[in-house]
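Spelled out from the first residue to the last, the chains are:
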Amino acid sequence: MKTTVTTIEHRIGGSPARATSTRSAPVWNPATGEVQAEVLLGESSDVDQAVETARRAFADWRETSTSHRARVMFAFRDLVQRHAPELARVVAREHGKMVSDATGEIVRGMEIVEFACGIAHLAKGEYSDQISADVDSFSLRQPLGVCAGITPFNFPVMVPMWMHPIAIACGNTFVLKPSERDPSASNLIADLYSEAGLPGGVFNVVHGDKTAVDAILDHRDIAAVSFVGSTPVAKYVHARATAAGKRVQALGGAKNHAVIMPDADIGFAAEQLTAAAYGSAGQRCMAISAAVAVGDAAGSLLERLKPAVLRLTVGPGEEDASDMGPVVTAEARDRILRYIEGGERAGATLVVDGRKREAPEGSRGFFIGPTLFDDVTTSMDIYRDEMFGPVLVVLRVDSLEAAIDMINRNPYGNGAAIFTASGSIARAFGHHVQAGMIGINVPIPVPMSMYSFGGWKSSLFGEHHVHGLDGIRFYTHGKVVTARWPSTVHLTSGAARTMNFPTAS
Ligand code: NAD
């Protein structure tokens, strides 16, 4: 018997919209392996409709007082907090992660909204009195227009919140194209914005795949594009949207290393690494996927890591007893299984084999157990590629210099962490490592909202990181006004006409 599933629609102008979409994609429940909904896949005409709605809304929103925009953000923040349990369940059901982990991403997203509540202070300019004779100067920041966000599956609440609260607080309007794998959270966010008093059209959601993304990248009425996802797509988005004259920030993939020094508290490091490698089944852009053991740290690290990994409970994200849920799709599971087979073939030592972990009884979900490799080298695919699953590889080196050299040779540069008891080792690590975010005895150093998040090298294309002051700069134009009011009131010398290039006099 054919069962009907819900259709997830776009949100345009504050209301559900089918627009002209005729295509759809399945939204899986990764814990059961069943299709739980269909999401509409937007055509370029749907993107046109959302952008036109956002363009019209911009005319009024940009003129709305900064204080009023802040008040809407305060109301939105309270609604997000009130609806956090519901949002977390929606995320767990479509992404597969633990409800507690989903709650964590909602809290981190909410912190960006709290940051955006301070927009009146954050976007204020500077004033210089009497910068030249009878001349004053002041600077201001003004919104860009319609901004777009294209986001990945792994943080369906937090990553879009790196973007839209700041863009909107700055006076822009926004079109979000979330991941088609877990689209529902974005619609709930759109509803909460409406309830918070955000005028229709300021925040819009168009679901879709490459067709909708390309329409965004080429759209002449979109001023700026923020992207977060895998490196090949980030590179593509950056090139195409930049060619279309847009401001672009495109955050890509990662291979995050944690260096374990012999002087570290190895028990602490092993527990922290276990959480950082296998939390969210390794599907975090800041997950630690490579542990670099220096000197004789390796033996004691492996002694503690192995039992910690074996203790992890794999099960549905909606069950409190689980430590780790499934991965997002059957394709993702099969890709990770291929990497495990490849790692074995390449000669790495398989310390914990996640393939042996049974899925919860009767489940056809996309489960794969936590996997640990030792004796990995930099030429192996399990080191070189971003596997994006619950697989941690251990590499052994002789010195801190060799560990830093390995990190700096890696094409990615998102995050890097070190476990050590030495301040001078930690300082040298922070100074020499080529990555955007450094953790010292902190394996997942995601910056708080008032700092900016972003990587180096193939982890970011564009100049601006997200949120913090970089976020304010990205979503605004700078302007400096130089003003003179010719007057009969001259308490000082007055200004003479000059044909020369103006200099301060
Ligand atoms: P993805 O690149 O497959 O998809 C990201 C977005 O791009 C989605 O909205 C998707 O619909 C769209 N997209 C996919 N393929 C496209 C194509 N060929 N052309 C145009 N658009 C396309 O990424 P994902 O699998 O959803 O997310 C996981 C990836 O995101 C990992 O590589 C992870 O490291 C990365 N990520 C990075 C950060 C960061 O801060 N650097 C944060 C989160 C995730």
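Let me begin by describing the structure that accompanies this report. Numbering of residues starts from 1 in every chain and runs along the sequence as written. Two thresholds apply to this predicted model, a pLDDT of at least 70 for residue-level local features and 80 or more for giving and counting side-chain atom pairs, whereas whole-chain, interface and lining totals are computed over all residues. Derived side-chain values reflect all non-hydrogen atoms in the structure, with water molecules and hydrogen atoms excluded from consideration.

**Quick look at the sheet that holds strand β1 (residues 6–8)**
Then step 1. In spatial order, the strands read β1-β5-β4; together these 3 strands make up an open sheet with mixed pairing. Across the chains shown, the open sheet's two edge strands, defined by having one partner strand only, are β1 and β4 (23–29). Each adjacent strand pair in this sheet contributes to an overall mean axis angle of 35°, direction not counted.
Then step 2. Strand pairing follows a simple DSSP-based rule, namely that at least 2 bridges must link the two strands. Under the scheme used here, helices are H or I runs from DSSP no shorter than 4 residues and strands are E runs no shorter than 2 residues, and both carry numbers assigned from the N terminus. In this structure, β1 lies alongside strand β5 (residues 34–41), joined through 3 bridges in parallel fashion. Bridge pairing in β5 places threonine 6 opposite alanine 37. To define axes, lines are fitted to C-alpha atoms, for helices over the stretch in contact only, and angles between the resulting N-to-C directions are given on a 0 to 180 degree scale.

**Focus: a nonpolar patch on the surface**
Then step 1. Patch construction takes residues with relative accessible area above 30% that form no salt bridge. Like charges are linked within 9 Å, and nonpolar side chains (Val, Leu, Ile, Met, Phe, Trp, Tyr) are linked within 5 Å. Each accessible area is a Shrake-Rupley result for a 1.4 Å probe, and residues are judged covered by the shown protein chains and nothing else. Take a side-chain nitrogen of Lys or Arg and a carboxyl oxygen of Asp or Glu: if they are within 4 Å of each other, that pair is a salt bridge. A grouping of Val5, Trp28 and Val35 is seen on the molecular surface, where their side chains present a nonpolar patch of about 200 Å² in accessible area.
Then step 2. Topologically, valine 5 is positioned in the segment before β1.
Then step 3. Exposure categories follow from relative accessible area, calculated using a 1.4 Å probe and restricted to protein chains: below 20% of the type maximum is buried, above 50% is exposed, and the middle band is partly exposed. By relative accessible area, which is 33% here, valine 5 ends up partly exposed.

**A short note on the site of the ligand**
Then step 1. A molecule or strand has a residue near it when one of that residue's heavy atoms lies within 4 Å. If you check the shell around the ligand, you find 28 residues, and the closest are Lys177, Glu180, Ser230, Gly252 and Glu386.
Then step 2. A distance of 2.7 Å separates an oxygen atom of the ligand from a polar atom in the side chain of lysine 177.
Then step 3. Here a polar contact is taken to be a pair of N or O atoms separated by no more than 3.5 Å, where protein atoms must pair a possible hydrogen donor with a possible acceptor and residues adjacent in sequence count only if both atoms sit in side chains. In the environment of the ligand, an oxygen atom lies 3.5 Å from a nitrogen or oxygen atom belonging to the side chain of arginine 181.
Then step 4. Coverage of the ligand by the protein chains reaches 88% of its 840 Å² of free accessible surface.
Then step 5. Here the residues of the shell around the ligand are counted per class, giving 15 nonpolar, 8 polar and 5 charged. The classification used treats Ala, Val, Leu, Ile, Met, Phe, Trp, Tyr, Cys and Pro as nonpolar, Asp, Glu, Lys and Arg as charged, and all other residues, Gly among them, as polar.

**Remarks on the pattern of salt bridges**
Then step 1. One pass over the full model with this rule turns up 26 salt bridges.
Then step 2. Among the salt bridges present, the one from arginine 333 reaches aspartate 334, with a minimum N-O distance of 3.2 Å.
Then step 3. Note on aspartate 334: relative accessible area 32%, which makes it partly exposed.
Then step 4. Measuring nitrogen to oxygen at the nearest pair gives 2.7 Å for the salt bridge that ties arginine 396 to aspartate 374. With arginine 396 in strand β17 (residues 391–397) and aspartate 374 in strand β16 (residues 371–374), this pair connects stretches of sequence that are 22 residues apart.
Then step 5. Note on aspartate 374: relative accessible area 5%, which makes it buried.

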